[in-house]
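# Inside the fold
So the chains spell out like this:
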Amino acid sequence: MDTFEEINMKGFADEFIDPSLDLFDEIEKLKKEKNAVILAHYYQEPDIQDIADYIGDSLGLSQQAAKTDAGIIVFAGVHFMAETAKILSPSKKVLLPDIKAGCSLADSCPPHLFKKFKEQYPDHLVITYVNCTAELKAMSDIVCTSSNAVGIVESLPKDQKIIFAPDKNLGAYVAKKTGRDLVLWNGACMVHEIFSREKIIKLKERHPGAKLLAHPECEEAILKMADYIGSTTGILKYASKHEAKEFIVATEAGILHQMEKENPDKIFFPAPPDNSCACNECPHMKRNTLEKLYLCLKNESPEITVPQYIIEKAVKPIERMLEISARLGL
Ligand code: 13P
Ligand code: SF4
């Protein structure tokens with residue numbers, strides 16, 4: 001018999017779930033009863049992706065959160081994503097299956113330190129990657145995601161001075177692509193920094209036809225070797241359209257579920273990390289489980305709340321991003 005702690009560590013919340021229940025059916029029933037929608041990121045476990053109403057990258061998820069007419073949004077992702085949904089739809093109840101599902105990148109930029117950093121560059125515009133806290137968004141001029149960051153910077157006048165935070169790897173990639181001199185915050189994602197250049201080279205030698213697909217949160221050494229760089233949606237679309245049969249995927253391994261579903265004739269290799277752990281899985285994203293999703297919908301908890309004064313400030317740079325993206329088709 002498992003102890004209470006052991007049950008919790010496996011991802012089951014502290015409430016007994018009748019093992020005879022079919023959680024897929026129960027979640028479907030609750031969704032209808034409560035007029036709820038489930039939005040899931042590609043890094044969620046396969047069961048969650050399969051039950052979601054919408055699966056996408058951060059931009060797609062923000063767009064869905066802004067336009068849904070459901071009363072409850074269950075956000076199967078991490079804290080900053082659920083916060084963004086709440087900011088865009090403040091009258092809706094936003095639930096996150098595990099309240100501790102955070103983000104190492106968001107944590108790498110504490111708002112009180114960023115405030116001091118920003119004060120050193122009073123004539124700079126602040127562009128923040130969506131992977132940051134609501135408080136940081138409230139200090140920003142424009143938010144961006146990995147799929148529109150280059151386009152958003154390019155939409156600004158060439159002489160516009162810009163701070164880019166919190167991801168230094170995405171920032172360096174955007175600076176290179178746009179030829180702009182960006183002031184970067186020194187933050188990074190623990191998952192995208194772990195890939196081993198040497199092991200990827202060896203994998204490529206064994207599979208010479210394989211294309212390397214990388215997320216721009218990866219370090220420059222990985223991006224330099226990549227055949228394609230883009231958001232999770234971009235990576236998925238590239239693999240589906242390209243005639244190659246093998247792909248090495250340098251982003252969180254959860255994306256492989258959709259890649260394999262859409263392309264049963266192709267082979268996908270998760271890019272190897274520089275040690276033997278499963279570090280290409282995001283421990284924050286993977287805190288959510290089907291059991292927790294069921295309980296959170298049943299109990300309407302844990303709920304994400306954002307103070308009204310933060311919502312009022314943070315909504316402007318997010319709406320600016322959505323407006324630029326829609327206008328430029330990013
Ligand atoms: P995208 O899905 O927007 O590419 O973001 C990746 C990511 O790291 C989310 O945490
Ligand atoms: Fe944050 Fe990285 Fe996990 Fe994305 S993959 S949620 S950036 S820690």
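Now for a description of the structure that goes with this document. This is a predicted model, so every value here is computed, not measured.

The rules behind the values
Residues numbered from 1 in each chain as written. Chains lettered and ligands numbered in written order. Predicted model: local features only at pLDDT ≥ 70, side-chain atom pairs only at ≥ 80, totals over all residues. Heavy atoms only, no water. Pairing = 2+ DSSP bridges. Helix = DSSP H or I, 4+ residues; strand = E, 2+ residues; numbered from the N terminus. Contact = heavy atoms within 4.5 Å. Axes fitted to C-alpha atoms, helices over the stretch in contact; angles between N-to-C directions. Phe/Tyr/Trp six-rings, centres within 6.5 Å; stacked < 30°, edge-to-face > 60°. Buried < 20%, exposed > 50% of the residue type's maximum accessible area, 1.4 Å probe, protein only. Near = heavy atom within 4 Å. Polar contact = N/O pair within 3.5 Å; in protein donor to acceptor, adjacent residues only side chain to side chain. Areas by Shrake-Rupley, 256 points an atom, 1.4 Å probe, with all protein chains shown as cover. Nonpolar A, V, L, I, M, F, W, Y, C, P; charged D, E, K, R; others polar.

Within the open sheet, the 4 strands sit side by side as β6-β5-β7-β8. Their pairing is parallel. Looking along the sheet, the strands with just one partner apiece sit at the ends: β6 (142–144) and β8 (183–184). Across the sheet, helix α7 (residues 111–119) is in contact with β5 (125–129), β7 (162–165) and β8; its angle to β7 comes to roughly 160 degrees.

Further remarks concern unusual backbone geometry. Residue Ala165 is joined to Pro166 through a cis peptide bond whose omega torsion reads -5 degrees. Relative to the helices and strands, Pro166 resides in the loop between β7 and α10 (168–178). Cis geometry is found at the peptide bond from Ser301 to Pro302, where omega equals 0 degrees. Within the element layout of this structure, Pro302 appears in the loop between α15 (290–299) and α16 (308–328). Positioned with a positive phi, Asn35 is a non-glycine residue whose angle comes to about 50 degrees. Looking at the secondary structure, you find Asn35 in the loop between α2 (23–34) and β1 (36–41). Notably, Glu300 is not glycine yet its phi reads approximately 55 degrees, a positive angle.

All told, the structure shown has 6 aromatic pairs when counted by the stated rule. Summarising the aromatic geometry, the rings of Tyr228 and Tyr238 are spaced 4.7 Å apart at their centres and angled 20 degrees between planes, so their arrangement reads as stacked. In this pair, Tyr228 sits in strand β10 (residues 228–229) while Tyr238 sits in helix α13 (residues 232–241), placing the two residues 10 residues apart along the sequence. Classification of Tyr228 by relative accessible area gives partly exposed; the value is 22%.

For the rest of this paragraph, the subject is the site of ligand 1. The environment of ligand 1 is formed by 13 residues, the closest being His41, Ser58, Ser146, His215 and Thr232. Ser58 places a polar side-chain atom, nitrogen or oxygen, 2.9 Å from an oxygen atom of ligand 1. Separating an oxygen atom of ligand 1 from a side-chain N or O atom of Thr232 is a distance of 2.6 Å. About the coverage of ligand 1: the protein hides 96% of its 300 Å² of free accessible area. Of the residues belonging to the shell around ligand 1, the class tally is 4 nonpolar, 7 polar and 2 charged.

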